[in-house]
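An overview of the molecular structure
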Amino acid sequence: MSWTLFLWHVLFHIYILIWQSALTIQSDVCLQAADADVYLDRYLNKAGFHRDLQTKVSVRGIDGKQQCRLLLIETIPSGVYVDLYQVAAMQTQGGPEVYSSQTIDVEAPEYLSTQHTLHVFANFNSSYTGELTADVTLPIHGRYHRADTLQFIEVVIKHPQLLIYCAKFGSLGCTGNNVVKAPCDSTSKSTCNWLPVLYKANKRNLSMFVPVGQVQHRTMVAVVTVCVTSMGCLLVLMVMWRKRCRRKLD
């Protein structure tokens, strides 16, 4: 009987040591992520109404074997929008995973729209220098604005909130008051504890200049629109009248 108790006592202490070791590893990884050097580079590519928002993230100070993922929480202003059907099609070709709890009306003008929040997920790649890197491209489109005295309206796109989740955080992630509960992936079937990290950005914010109609052209546009519409109506009536005359002759 004493041998049985002794064996259980040994097994209990082994379990405690393994549990403490796991907590230590998890804590070390969380501290690495919190103290990592993170750099963010943002670019607006292409021109006109349809642009590509490119985000490059590099992380120094986290072991590349940790299987870490990146989450960008983007706040898209009312002056532009992201087509969720387009990004879903891009995902099948290796594009980023995107989740939104909001319905985005791609036809609404700027003055009838509100800002929307997107969760953009991406995997990190390990570079030869030991950095974790991620490159995310998100297509954005300008909305129509009210006519103005300016030729272009500036739409400011702010930098995202950046969060990291690593496999060695455990099933729930890091613990503490600073963690953020967010979907684990674009399916949003489960939530994980993501660790927000500070970063250094190459620019303060990005600006997209959207062309708008000119108020001073309002009269000219109205006259031309009425004339073109009237001519179109007259043309349709003439065609219909000719067809009717031919039927009578037949």
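Residue numbering note: each chain is counted from 1, following its sequence as written. Local features in this predicted model are restricted to residues of pLDDT 70 or higher, and side-chain atom pairs are both shown and tallied only at a pLDDT of 80 or more, whereas totals for entire chains, interfaces and linings draw on every residue. Note that the side-chain values use all heavy atoms of the structure and ignore hydrogens as well as water.

**Quick notes on the UniProt feature "transmembrane region" (unreviewed entry) in the protein chain**
How we decide: UniProt positions are given in the numbering used here, feature names are shortened, and annotations may be inferred rather than shown by experiment. By the criteria applied, helices consist of DSSP H or I runs no shorter than four residues and strands consist of E runs no shorter than two, each listed in order from the N terminus.
If you check UniProt for "transmembrane region" (unreviewed entry), the listed places come out as residues 220–241 in our numbering. End-to-end, the C-alpha atoms of residues 220–241 are 32 Å apart, and along that stretch the chain is 100% helix and 0% strand.

**A look at a nonpolar patch on the surface**
As a reminder, the rule being used: A patch consists of residues exposed above 30% relative accessible area that lack any salt bridge, with like charges linked at up to 9 Å and nonpolar side chains (Val, Leu, Ile, Met, Phe, Trp, Tyr) linked at up to 5 Å. Shrake-Rupley sampling with a 1.4 Å probe provides the accessible areas, and residues are treated as covered by the protein chains on show and by no other component. Whenever Lys or Arg places a side-chain nitrogen within 4 Å of a carboxyl oxygen from Asp or Glu, that contact is recorded as a salt bridge.
On the surface, a nonpolar cluster with roughly 360 Å² of combined accessible area is contributed by Met220, Val221, Val224 and Val228. With respect to the secondary-structure elements, Val228 resides in helix H3 (residues 218–249).

**Quick notes on the environment of Val155**
The criterion, for reference: Think of it in three bands: with a 1.4 Å probe and only protein chains considered, a residue is buried below 20% of the maximum accessible area for its type, exposed above 50%, and partly exposed in between. Only heavy atoms matter for contacts: two residues are in contact if any of them lie within 4.5 Å across the pair.
Structurally, Val155 is set in strand E9 (residues 152–157). Since its relative accessible area comes to 5%, Val155 is described here as buried. Placed 52 residues apart in sequence, Val155 and Ser207 show a C-alpha to C-alpha distance of 5.6 Å. Beyond its immediate sequence surroundings of up to four residues, Val155 is in contact with Pro77, Gly79, Val80, His145, Leu206, Ser207, Met208 and Val210.

**Focus on the pattern of salt bridges**
Applying the stated criterion across every chain yields a total of 4 salt bridges. Between Glu74 and Arg42 there is a salt bridge; the shortest N-O distance is 2.6 Å. Note that Glu74 is positioned in strand E3 (residues 68–76) and Arg42 in strand E1 (residues 37–45), a separation of 32 residues in sequence. Across the pair, Arg42 and Glu74 agree in class, each one buried. The shortest N-O distance in the salt bridge between Lys46 and Asp52 comes to 3.4 Å. For Lys46, a relative accessible area of 60% corresponds to the exposed category. Judged by its relative accessible area of 17%, Asp52 falls in the buried class.

**Some details on the state of the cysteines**
This is how the line gets drawn: The term disulfide is used for any two cysteine sulfur atoms that are within 2.5 Å.
Per the stated rule, a full pass over the model turns up 1 disulfide. Here Cys184 connects covalently by a disulfide to Cys192, the sulfurs 1.9 Å from one another. The S-S bond linking Cys184 to Cys192 shows a torsion near 100°; that makes this disulfide right-handed. Looking at Cys184, the relative accessible area reads 14%, which means it is buried.

**Some words on the environment of Leu112**
In this structure, Leu112 sits in the loop between strand E5 (97–99) and strand E6 (116–123). You can call Leu112 exposed: its relative accessible area is 63%. For Leu112 and His145, which are 33 residues apart along the polypeptide, the C-alpha to C-alpha distance reads 9.6 Å.

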